[in-house]
Amino acid sequence: MDTVSKDTISQKRETPGRILEIRRDFPILNRQVQDKPLVYLDNGASTQMPKQVMDTINAYHEFHHSNVHRGVHQLSQEATELYEGAREKLRAFIGAASTKEVVYTSGTTESINLVANSYGLANLKKGDKILISNMEHHANIVPWYMIAKKTGAEIVVIPILDDGSLDMDALSELMDNNVRILCVNHVSNALGTVNPVKEIAKMCRDYGVITVIDGAQAVGHFPIDVVDLGVDFYAFSGHKMHGPTGVGVLYGREELLAKMEPFMGGGDMILSVSFEKIIWNELPYKFEAGTPPIAQAIGLGAAVDYLNSLDREFLESYENDLLEYATEKLKSVSGLKLVGTAPGKISLNSFVIEGVHPHDIGTILDGEGVAVRTGQHCAEPVMDRFGIPATTRASMAFYNTFEEIDALTDALLKVTELFDVTD
Ligand code: 7TS
C-alpha cells in the first residue's frame, strides 16, 4: 500500500470537446441520482452502452428476431447472418485467425468454466500444477479449485509485489515441468494492474504450459491481439466493453479447441445424435449448446463497431490523463491510501480511508450521485494479500470527465469531514 501525502491539489482541468461529444452517445450519463447528476465510476463492474448498441439490439427485435442456425425461413436466415456477422467482428477485434476460435459464452465466468471443464478436467492429473496469480477475480480461481479437487492437481499461487505488480521473478522460479496451466488476468479488477501477458505467454510456451488469460478488464480499455500476445485462451465479457450483459467470448487456439470435448450438451452443438453415438458439431458450435444469446451477441458486434469508430489511441491517452488527475486529486483526501500503484495501470483507483469502512464511503458517495464499488471486488485473495477487508474502487471509462473526478474528490472530502479523519 502506498501512502499518499497531502500536498498540492492539481489545477482544475477541462475535459476535451471530443469526450463531451462521445458522452452524448450514452443517454444514461445524463440522468440524475439522488437529485444529483450521475457520476458513474463503476465501469469495472459494468460499462454503459452507447445508443448505437441499443439501437442495433432494438432493430434486431423489431425486424429480425428468430432463432439461429435452424430455419430456412427468411427471418432465421437474417438472424443467423447478424449473429455470425458479429462473430466475425469479434474475431477481427481480438486478432484471432478464424471464427472457429471465437466461442460465444454468457461471459468471462462461463468462458473460464468452459476451459476448466473441457480442457482442465481431461488434461490434469495428480502431480500437475496450475499456477494462478494472487490478483485473480474469483472467476479465474473457483473453477480451477473445483477441477483441482477432481483431478488431484495442485494450485500454486504466483505472488504479487507491494505495488500490485505480478512478481515476475517468483513466476520464473515457480515454472517447472509439472506446471500445466497458468491463469492470470490481463488487467486486475481490484488493483488496475496490467500484466505483461506477452512475456508470460512466451515463458509458458517455453515450458509447454497452457495460458488462460482473463481479459474481462482489458477489452474496454485497449486493443487486444491474441496472436501477438501468443496466448492459448482469452476470456472476456460484453458488458465490460460497452456491450450488453449475458454474452461474452472464449477465444481458444483452434488446435486446442479441436481436441477438447464439449462442456455442455444440447441442441446445435451436434451433427448427429442417436442413443448409441453422438457426433459433435464443428468449431465453434461444438461449444454452443442450446439457443445462444442472439440479441446480445449482435449487440456485442455493435459495441465492437462503436469502439472501432473511435480513436482508441486518443481514448487511451485521455484515460491516462484522467488517472493521473484522479491520483493527484485523491492526495487531498486525509487518510486515503491507494491499493495498487503498479506502473502502467488502467484508469482505476482502489483505496482505503483510515478508520472509515468502504461501505460507509460508498453510501455517502451515492448520496452525492457518485457511483463507485466497495467491497472485495470478487478478489478476496487480493484483500488478504494487503491485509484489508475491502476497498473503495473508482473505475473510469473514456466518457468520464475531469469534473467528475472533482465531484468524487469533493464527496470524499465530505466523508473525511463526517468521520473526522485527519492525517
Ligand atoms: N474477471 C475479471 C477480471 C472481472 O473483473 C470480472 C467481473 C470477471 C472476471 C467476471 O466477469 P462476468 O462478466 O463473467 O461476471 N468483475 C466485476 C467487478 O470488478 N465488479 O463487478 C464485476
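Residues numbered from 1 in each chain as written. Predicted model: local features only at pLDDT ≥ 70, side-chain atom pairs only at ≥ 80, totals over all residues. Heavy atoms only, no water.

Chemist: A description of the overall build of the protein chain should follow, citing residues and the corresponding values.
Modeler: Across its full length, the protein chain carries 14 helices and 18 strands. Against the globule reference of 22 Å for 423 residues, the protein chain gives a C-alpha radius of gyration of 22 Å, in line with a compact fold. The principal-axis extents of the C-alpha atoms in the protein chain amount to approximately 75 × 55 × 35 Å. Taking contacts inside the protein chain between residues at least 6 apart in sequence as the whole, the part at least 24 apart equals 73%. (Helix = DSSP H or I, 4+ residues; strand = E, 2+ residues; numbered from the N terminus. Rg over C-alpha atoms; globule rule 2.2 N^0.38 Å. Contact = heavy atoms within 4.5 Å.)

Chemist: Run through the pairing of strand S11 (residues 248-252), naming residues and quoting values.
Modeler: Most of S11 sits out of view: five of its five residues are buried. Pairing of strand S5 (residues 102-105) with S11 involves four bridges; the strand directions are antiparallel. Within S11, the position partnered with Val 102 by the bridge is Tyr 251. Pairing of strand S10 (residues 233-237) with S11, which is carried by five bridges, proceeds in the antiparallel orientation. The partner of Ser 237 across the bridge, within S11, is Gly 248. (Buried < 20%, exposed > 50% of the residue type's maximum accessible area, 1.4 Å probe, protein only. Pairing = 2+ DSSP bridges.)

Chemist: Please provide a residue-by-residue account of the site of the ligand, values included.
Modeler: Around the ligand there are 15 residues in total, and Thr 109, Asp 214, Gln 217, Arg 373 and Arg 393 lie nearest to it. Lys 240 has a polar side-chain atom sitting 2.9 Å from a nitrogen atom of the ligand. The separation between an oxygen atom of the ligand and a polar side-chain atom of Arg 393 is 2.6 Å. Relative to its unbound accessible surface of 500 Å², the ligand loses 87% to contact with the protein. Taken together, the residues that form the shell around the ligand break down as three nonpolar, eight polar and four charged. Looking at which domains feed residues into the shell around the ligand, each of domain 1 (17-48 + 311-418) and domain 2 (65-308) supplies at least three. (Near = heavy atom within 4 Å. Polar contact = N/O pair within 3.5 Å; in protein donor to acceptor, adjacent residues only side chain to side chain. Areas by Shrake-Rupley, 256 points an atom, 1.4 Å probe, with all protein chains shown as cover. Nonpolar A, V, L, I, M, F, W, Y, C, P; charged D, E, K, R; others polar. Domains from an automatic or database assignment.)

Chemist: Got a sec to walk through the sheet that holds strand S9 (residues 210-214)? Specific residues and values, please.
Modeler: Spatial ordering of the open sheet is given by S5-S11-S10-S9-S8-S6-S7, a layout of seven strands whose pairing is mixed. Pairing within the sheet leaves two strands with one partner each, and these edge strands are S5 and strand S7 (154-158). Neighbouring strand axes in the sheet, compared pairwise and without regard to direction, differ in orientation by 20 degrees on average. (Axes fitted to C-alpha atoms, helices over the stretch in contact; angles between N-to-C directions.)

Chemist: Describe the pairing of strand S8 (residues 179-185), naming the residues involved and giving the relevant values.
Modeler: The buried fraction of S8 is high, at six of seven residues. Sheet topology note: the strand S6 (residues 129-133)/S8 ladder contains four bridges and is parallel. Looking at the pairing, Ile 132 lines up with Cys 183 of S8. Note: S8 against S9, five bridges, orientation parallel. Counted as the bridge partner of Leu 182 is Thr 211 from S9. You can see the chain leave S8, run along helix H7 (residues 197-207) and come back into S9, and the turn it takes is right-handed. (Right-handed = clockwise from strand over helix to strand, strands pointing away.)

Chemist: Describe the nonpolar core, listing the residues and the values that go with them.
Modeler: By size, the foremost hydrophobic cluster in this structure holds 107 residues, and its most contacted members are Leu 171, Leu 182, Tyr 234 and Leu 412. With ten residues, helix H10 (residues 294-308) is the largest single contributor of residues to this core. Counting only domains with at least three residues in this core, you end up with domain 1 (17-48 + 311-418) and domain 2 (65-308). If near-sequence neighbours (up to four positions away) are discounted, Leu 182 is found in contact with Leu 131, Ile 158, Leu 171, Met 175, Ile 200, Cys 204, Val 209, Ile 210, Thr 211 and Val 212. Counting residues in each nonpolar core, the second largest holds 26 residues, with Tyr 119, Met 260, Leu 283 and Phe 287 among its members. (Core = buried A, V, L, I, M, F, W, Y, C linked by side-chain atoms within 4.5 Å.)

Chemist: How would you explain the packing of helix H4 (residues 108-123) against helix H5 (residues 142-151) if you had to name every residue and give the values?
Modeler: Where H4 meets H5, the closest approach of the two axes is 9 Å, and the angle between their N-to-C directions is 20 degrees. For the element pair H4 / H5, the angle class is roughly parallel. Viewed along their axes, H4 and H5 form a crossing whose handedness is right-handed. Contact residues: H4 offers Ile 112, Asn 113, Val 115, Ala 116, Asn 117, Gly 120 and Leu 121, while H5 offers Pro 143, Trp 144, Ile 147, Lys 150 and Thr 151. Its residues assigned to classes, the contact of H4 with H5 comprises seven nonpolar, four polar and one charged. (Parallel < 35°, antiparallel > 145°, perpendicular 65-115°, else oblique. Left-handed = near helix turned anticlockwise from the far one by under 90°.)

Chemist: Account for unusual backbone geometry, with residues named and values stated.
Modeler: At the junction of Leu 283 and Pro 284, the peptide bond is cis and its omega measures out at 0 degrees in the coordinates. With respect to the element layout, Pro 284 can be found in the loop between strand S13 (278-280) and H10. With phi around 55 degrees, Cys 378 is a residue other than glycine that occupies positive phi space. The residue Cys 378 is located in the loop between strand S17 (373-375) and helix H13 (380-386) in this model.

Chemist: Lay out the environment of Thr 401 in plain terms, naming residues and giving numbers.
Modeler: Relative to the helices and strands, Thr 401 is located in the loop between strand S18 (391-395) and helix H14 (402-418). Separated by 26 residues in the primary sequence, Thr 401 and Gly 375 place their C-alpha atoms 24 Å from one another. Apart from residues lying up to four places away in sequence, Thr 401 is in contact with Thr 15, Leu 20, Arg 23, Tyr 318 and Leu 322.

Chemist: Any chance you could break down the pattern of salt bridges for me, citing the residues and the numbers?
Modeler: The final tally for this structure, using the stated rule, is 26 salt bridges. Linking Arg 253 and Glu 255 is a salt bridge whose minimum nitrogen-to-oxygen distance equals 2.9 Å. Residue classification places Arg 253 among the partly exposed residues on the basis of a relative accessible area of 27%. Close ionic contact of Lys 337 with Glu 354 constitutes a salt bridge, the shortest N to O distance being 2.8 Å. With Lys 337 in strand S14 (residues 336-338) and Glu 354 in the loop between strand S15 (348-353) and helix H12 (358-367), this pair connects stretches of sequence that are 17 residues apart. When its relative accessible area of 48% is taken as the criterion, Glu 354 is described as partly exposed. Several salt bridges share partner residues, and in doing so they unite Asp 232, Arg 253, Glu 255 and Lys 259 into one network. (Salt bridge = Lys/Arg side-chain N within 4 Å of Asp/Glu carboxyl O.)

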